[in-house]
Every structure is written in C-alpha cells, then in structure tokens.
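# Observations on the model geometry
The chain contents come next:
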Amino acid sequence: MAYLELNNIYKTYGKGENEPEVLSNINLSIEEGEFVAIVGFTGSGKTTLVNLINGLITPTKGEVLFKGEPVMGTSHERGVIFQNYSLLPWLTVGQNVYMAVKEAFPKKSKAELHAIVADYVEMVSLTPAINKRPKELSGGMRQRVSVARALAMKPEMIIMDEPLGALDALTRGNLQDEILNIWGKDKRTALLITNDVDEGIYMADRIIPLRPGPNATLGPEFKIDIERPRDKTEMNDNPNFKKTRNAIIEYLMDIGNERKTEAKEAIVLPDLSPKDFVNQF
Amino acid sequence: MKQSITLGKVTNFVGLGFLSTLKDLFTGKLEREDLKNVLRKTVVPLASMLLFIGLWHLGAKSLYNIEAEFKIEKALTDQGPEAADALRSCIASGDSSCQPNTLPSPSQVWDSYKSLLRDHNIIKADKAAFIEKTAVLNEKRLAEGKDAITYTGRPSFVDQIFRSLKTVFAGFLLALFIAVPLGIFIGLSPTLKSAFNWFIQIFKPVSPVVWYLLVFMIVKTLLIDSSEDSSFTISFISVGFCSMWATLVNTAMGVATVDKDYINVAKVLKLGPFQKIFKVVLPSSLPLIFTGLKITLSVAWMVLIAIELLAQSPGLGLFVWEEFQNGANDSNAKIIVAMFVIGIIGFLLDRIMLTIQNWVSFDKTEGI
Ligand SMILES: Nc1ncnc2c1ncn2[C@@H]1O[C@H](COP(=O)(O)OP(=O)(O)OP(=O)(O)O)[C@@H](O)[C@H]1O
Ligand SMILES: [Mg+2]
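Residues numbered from 1 in each chain as written. Chains lettered and ligands numbered in written order. Predicted model: local features only at pLDDT ≥ 70, side-chain atom pairs only at ≥ 80, totals over all residues. Heavy atoms only, no water.

Chain B is annotated in an unreviewed UniProt entry as Nitrate/nitrite transport system permease protein from Algibacter lectus. A UniProt comment under Subcellular location (unreviewed entry) is attached to chain B, and it reads "Cell membrane". The Sequence similarities (unreviewed entry) field of the UniProt record for chain B holds the comment "Belongs to the binding-protein-dependent transport system permease family." (UniProt positions renumbered as here; feature names shortened; annotations may be inferred.)

Under an unreviewed UniProt entry, the name given to chain A is Nitrate/nitrite transport system ATP-binding protein, and the source organism is Algibacter lectus.

So this is what it looks like as structure tokens:
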C-alpha cells in the first residue's frame, strides 16, 4: 500500500449540477520517501489538488488515503507551504514560525522552541529580519518565512505549492538544496507543485503533468533517472536529463496547443445557441 | 534632523499632518512644489475660518436688528411712542435689561468664554479654600467614623466638562464590555447570529430619548432602595446602549469574515479553539473592531448631551439646558460656547480613536 493514495478523485466547487468539475478522475500514489513533482498551467487546479491532500478541502467523489487512512482534516504529519505565503501580518517573522513550532512540539520547553525557530530562520537567511513584520519584507522574504514555518514543524510529508516562485535564481537554488537536504535527512516524503520543469527535474524522482482544467486530470508520469546528489551544472550534460526534459516540455507544449485550439473552437460557437434563448430578445 | 522625522511621523499618524508641513515652512526646508500644498493645508483653512466668523458676525448683526425693530414696533403699538423711544435709546445704550434676545455675535461668545473661565477660577479658589478649612474637621469626622463634609457649591463650566467626559467614558466602557464579547460570539456562531439578528436590527435605530426612558424605567426600580442620586447611572447606561451598536455589528462582521488564508493557517497548524480565536480571529478583526469603537465613541459623545439633559445629570447637556431655561442676558452666548466645546472635544476624541485605530490596523495584503 502506498504512503499517499488518491483514488478516482473528482472535485467540484459549489453544489449546483452545472458547476464545472475542476479535477476529474485523479489517480496518484506516492511511496514513502519519494519526491514527486507536479507541473501544470496556471488555473489548472494545482492548489485544489494540494488542498485535497493536506485536508483543507474534501473531494466531491473519490478518496484520499494517507498511510492507508482516509484524510479527514489537516494534520501535523503533512506540512504545507502555501502558494500565497499566508503569514499572519500582526506577528513578526520569529513569532510566525514560533506559533507553528509550538503547535507541532507541545512538549518542548520554551528555550528549545526558540532554538528551533532560530535554526530555521537562519536556514532561510532571515536572521537579521527575525523581528520584522511581514509588511516590512519583500515578497521573496515572505516566501522564505513561509518555507521556514512549514519545515520547522518537521512534517513527515512536505507539501509545497509553488514554494519558490517569487525568488531569484540564486536564492531559489539555495532553498532547493535546503529542501532536498531536509527531505533526504530523515527520508521524508515530498510533493512539489511547480511551474518550472527544470526545478522539477532537479528535485524530484517523478514528474507528473496536470492537464489544464476544467476536468483537469493527471498526465503520464516521467521518471527522473538521475543519481542523487544531483549537480546543476553536471546535469546539463547528462543525456538522460536532456531526454526527459525535452519529453516533458514537448508534452506540455502539446497540451498547451490543444488548449488553444479548444479555445478557438469555443469562439465559433454562437450559431449553436438554443432557439428559445434567441427568442427572448 | 532625526527629531523632525519622528515629529513628522507622529503628527501624520494622528492625522495632524499639516503641523509638520507648517514646521517645514518655518524651518525653511520647503521644496518649491510643496508650497502649493502648504498653502492648501494652512492658509485655506485659516481663510475659511475667518470667512465663517465674518458671516456669523454679519448674520448675528442682522438678526439683532430684526429683533430690535420688532421689539420697538411692538412697544409703539402696545404702549405708544414714548415707550418706543425709551426702548430705542435703551437698546442703543447697550443696557443688558432690554437687549434683543437672538443669535449672539462672535465677540459676545468670546466674552462669555472668558467670563466662564473667570467663573471657573473663582469656584476653584473657593473649593480649595473650603477643603483647607474643613481638612482638620474632616479628619476628625473620619476618625469618628462619620462621613467627610464635601464641597456642595455650584459646579463651574470646566467641572461640567469633566463630568460629561466621565459619563461618556463610563458609557463607552459599558458599550465596549458588552458589544465586543457579544460581537465575537455572534461572529463566531451562525446560530447565535440568527438568534440576535432581529434584536440588533430592531434596537439599533431606537432614538437616544427612548433608550433613556427605557433605562430609566429599569434602573429606577432596581435602585429603589438606594438613596443615592441615580441620574449618573441612568445617563451612562443610556449612553452605552445608544452607542454600542456600531461596535457590536463591526465586531461580529470582523470575526465572521476573517481572511480565508488565515483560517487555513490556523487549520494547518491545528490551533485549538482558544488559540484560534486569540491568535488569529481577534487580531485579524481588530481593525474593524476599532472602527466600530471609534463610531461608538463619537455617537456616545453626540447623544450624551441630550441624555444628560433628560436625566438632569450634571454635565454639558444640563449646562446648556439650564442656560436656555434661565434666559439671562449672556445665556445664548454661553450656549454657543458650550457648542464649540462639545464640537472640539468630539473632534479630539475622534482623533484619539483614529490614532489607536492606525496603530492596531495592518494592511490586509501584508501577509499575502
Ligand atoms: N474556493 C473556490 N471556489 C470556486 N472555484 C474555485 C475555488 N478555488 C479554485 N477555484 C477554481 O478552480 C480552478 C483551479 O484553481 P486552482 O487555484 O486550484 O488553480 P492553480 O492550478 O493552483 O492555479 P495557479 O497556478 O494560478 O495557482 C480555477 O478555475 C478556479 O477558478
Ligand atoms: Mg495555485
């Protein structure tokens, strides 16, 4: 049995019959210790998928199983890095992280908790800003706080929704390594949502494209057979890397083109409007 | 340099930004394009104030003339030409016994203001003398277990102001302690919301006078055994009930509409109900709660005057009413002084609340 399993998931927002299905027939299983990346276009339902897994929303049909148990709500075992950072603006950087750590380790003493906070804030190189409030930080700094907050809880499974989107290449690279480091240390499980194929290839064991919604469903998976630890510069010469990268990008371009033609067809629709609809005017 | 920055920050913060511009004007630190701004923020209000006083002066004068003509005309028809002439010269002489009773001019109001201050100083001195005189006696009385003798003289205008402030703060605190907790419960629970909604909708628009009467009916009976003067109790409770609605509604709304992202954080961190309320829900609704409290305080101050008047509770409202009843020569001018004092205090209270509000509020987009 897989560590995380999604069986025939359908998700519709709202209750009406005519509500569009955001996700259709999603099947996914992740083994313990695996690092899986999901790439997809904007609006395709990636955040919806993440929220189903972390327990913030429930599927309309189908089931999410975590270690064999249906997911009934959120859990400290699954840490989340939100796409929109979601820091609490009335708390400082340190307090934002502290609040999470305190919930995750209720038995630890105050001093221990503060030490953990300091460690993780240092890890995202925000020690000089530890007493600042989110409004005094840049977008990238906020994103790093959000990373620190999620990782400091030491979750068994790390769920990341485009966690490094707002960062420059250098910081991004550093944080990718930090995340890989933490993931590798205790052989945790990770799910990464990203729009950057290279990031996916560098970090993940498998990349799965999410086909654009509505009715988004998962495409065929691409295995990344590159030895760890991976090295960015060496990887560029790896024939395996080139092949996988091209295959994924080709696939994404294909579904992108499909979407365009579908959109074009949709514009030709007017003469198909029902009779009584026209009669109303 | 550093100091001027902090001053600028502070004055901007409390909404008196023009003060720092004014300071820049005098310290000569002004850019060319700032000049227009300075003119707009200092000269224009001053000019409009002068214009206001001028118009008031002219208006008061013409009202005075209308009233005087009418009086003389009346004397002519009722008592004949001699009486009319006597009245005309009496009015012209400025004798206070025959002055037309109408809107006082700015200078009369200013004179009344000074006379009220003088009166206050006299009463203050009187009070100090009284306390000194009774100090020894009071000590003895206290030692014997008797009540001390207190000053029972007439309160001065300034005393009335402080009594009004006391009533308004008591009322405001009452509103705060009822409306904020209740608002939190209503905002958290849709069931409580539907239980209370009709109640809020019906009682919110009720006028201060009716609130006063309602509170009077209840408090009078409750305090039936007590010999103490219940007018203060009745008036501050009425003020509280009149003014608490804005806070109640805003608190409930703030608590009910916490940003979904913050709720998601609370869920992912698995905060307990208490933690969730105190660490997430309340901080995120503080700005709205304070907006409500600001409205509450200004409503409280506004209805206070009417309620003091009805309750015969000492304060500015009673002062205005007594002056109106007493109809002395400078009563109208004193009423106008009270009007300005009420307005200025209301403005200051509003500024204080605005400052606190700026202090606790945050930009909704900050964490996102
Ligand atoms: N709470 C909601 N209620 C109704 N519709 C929603 C809700 N959340 C998302 N949707 C819809 O579901 C679809 C997928 O949204 P989602 O946020 O999952 O996309 P995404 O892939 O994360 O996009 P992005 O890359 O821009 O973050 C969108 O069409 C969106 O309008
Ligand atoms: Mg998203």
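As a further point, take the coordination of the magnesium ion (ligand 2). The protein atoms that coordinate the magnesium ion (ligand 2) are A:Thr47 (OG1) and A:Gln83 (OE1), at distances of 1.8 to 2.1 Å. Of this pair, A:Thr47 sits in helix α1 (residues 46–54) while A:Gln83 sits in the loop between β6 (78–81) and α2 (93–104), and the two are 36 residues apart along the sequence. (Donors = N, O, S within 2.8 Å, 3.2 Å for Na, K, Ca; no water. Helix = DSSP H or I, 4+ residues; strand = E, 2+ residues; numbered from the N terminus.)

This part takes up the sheet that holds strand β4 (residues 61–66) of chain A. Residues and elements named next belong to chain A. The 4 strands lie next to each other as β2-β1-β4-β5, forming an open sheet whose pairing is antiparallel. Of all strands in the sheet, those with a lone pairing partner are β2 (21–30) and β5 (69–70), marking the two edges. Sheet topology note: the strand β1 (residues 4–12)/β4 ladder contains 5 bridges and is antiparallel. Bridge assignment links Leu4 to a residue of β4, and that residue is Phe66. (Pairing = 2+ DSSP bridges.)

Before going further, it helps to spend a moment on the interface of chain A and chain B. Listed as interface residues are 22 residues of chain A and, on the opposing side, 19 residues of chain B. Each partner contributes to the roughly 2000 Å² buried at the junction of chain A and chain B, and carbon and sulfur atoms together form 63% of this total. If you look at where chain A meets chain B, you find 0 salt bridges. Between the two partners, chain A and chain B, sit 5 residue pairs in polar contact (both at pLDDT 80 or more). Of all elements in the fold, only α2 and α4 (139–152) of chain A reach the threshold of two or more residues within the side of chain A that touches chain B. Ranked by residue count, the leading element in the side of chain A that touches chain B is α2(A), at 4 residues. In terms of residue class, the side of chain A that touches chain B is made up of 12 nonpolar, 5 polar and 5 charged. (Contact = heavy atoms within 4.5 Å. Buried area = accessible area lost by both parts, 1.4 Å probe. Salt bridge = Lys/Arg side-chain N within 4 Å of Asp/Glu carboxyl O. Polar contact = N/O pair within 3.5 Å; in protein donor to acceptor, adjacent residues only side chain to side chain. Nonpolar A, V, L, I, M, F, W, Y, C, P; charged D, E, K, R; others polar.)

What follows deals with the pairing of β4(A). All names here are of chain A. Where β4 meets β5, 2 bridges bridge the pair, whose relative direction is antiparallel. Each bridged residue has a counterpart across the sheet, and for Phe66 the counterpart in β5 is Glu69. Following β4, the chain reverses through 2 residues before pairing antiparallel with β5; Lys67 in that reversal takes a positive phi of roughly 50 degrees.

Here we come to the side chain of A:Asn96. Residue and element names in this part refer to chain A. With respect to the helices and strands, the residue Asn96 is situated in helix α2. Looking at Asn96, the relative accessible area reads 1%, which means it is buried. Engagement of the side chain of Asn96 in a polar contact is seen with the backbone nitrogen of Leu88, the distance being 3.0 Å. Setting aside its immediate chain neighbours within four residues, Asn96 contacts Leu87, Leu88, Leu91, Pro134, Val145 and Arg149. (Buried < 20%, exposed > 50% of the residue type's maximum accessible area, 1.4 Å probe, protein only.)

All names here are of chain B. When the domains of chain B are assigned, the result is domain 1 (2–93), domain 2 (104–154) and domain 3 (156–360). Centre-to-centre separation of domain 2 and domain 3, based on C-alpha positions: 31 Å. Between the two partners, domain 2 and domain 3, sit 0 salt bridges. The interface formed by domain 2 and domain 3 includes 1 residue pair in polar contact (both at pLDDT 80 or more). (Domains from an automatic or database assignment.)

Attention now goes to a nonpolar patch on the surface. All names here are of chain B. On the surface, a cluster of nonpolar side chains totalling about 760 Å² of accessible area is made up of Val209, Val210, Leu213, Leu214, Met217, Ile218, Leu222, Leu223 and Leu310. The leading source of residues in the nonpolar patch is helix α8 (residues 208–222), at 7 residues. Relative to the elements of secondary structure, Leu310 occurs in helix α11 (residues 273–311). Owing to a relative accessible area of 32%, Leu310 belongs among the partly exposed residues under this scheme. (Patch = residues over 30% accessible without salt bridge, like charges linked within 9 Å, V, L, I, M, F, W, Y side chains within 5 Å. Areas by Shrake-Rupley, 256 points an atom, 1.4 Å probe, with all protein chains shown as cover.)

Moving on: helix α5 (residues 106–143) of chain B. All names here are of chain B. Across its 38 residues, α5 extends 53 Å between first and last C-alpha, which sits within 8% of the 56 Å expected from 1.5 Å per residue. At Ala135, α5 is bent by approximately 50 degrees, the largest bend along its length. Those residues of α5 not exposed but buried are Pro106, Val109, Ser112, Leu116, His120, Ile123, Thr134 and Asn138. At its buried positions, α5 is contacted by α3 (34–79), α6 (157–188), α12 (316–326) and α13 (331–360). (Expected span 1.5 Å × (residues − 1). Bend = angle between axes of the 7 residues up to and from the residue.)

What follows covers the packing of aromatic side chains. Residue and element names in this part refer to chain B. By the definition in use, this model includes 19 aromatic pairs over all chains. When the centroid spacing of 6.2 Å and the interplanar angle of 55 degrees are considered together, the rings of Phe199 and Trp245 count as tilted. Taken together, the residues span a long stretch of sequence, with Phe199 in helix α7 (residues 190–203) and Trp245 in helix α9 (residues 231–256) at a distance of 46 residues. Classification of Phe199 by relative accessible area gives partly exposed; the value is 27%. (Phe/Tyr/Trp six-rings, centres within 6.5 Å; stacked < 30°, edge-to-face > 60°.)

Bringing the pattern of salt bridges into the picture now. Opposite charge on two side chains allows them to pair when their charged atoms are near. Residues and elements named next belong to chain A. The tally for this structure, following the rule as stated, stands at 15 salt bridges over all chains. Taking the shortest distance from any N to any O, the salt bridge between Glu34 and Arg206 comes out at 2.6 Å. Residue Glu34 is located in the loop between β2 and β3 (35–40), and its partner Arg206 is located in strand β9 (residues 206–210); the two are separated by 172 residues in the primary sequence. Arg206 gets classed as buried once you look at its relative accessible area, which sits at 7%. Connected via shared salt-bridge partners are Glu34, Arg206, Glu221 and Lys223.

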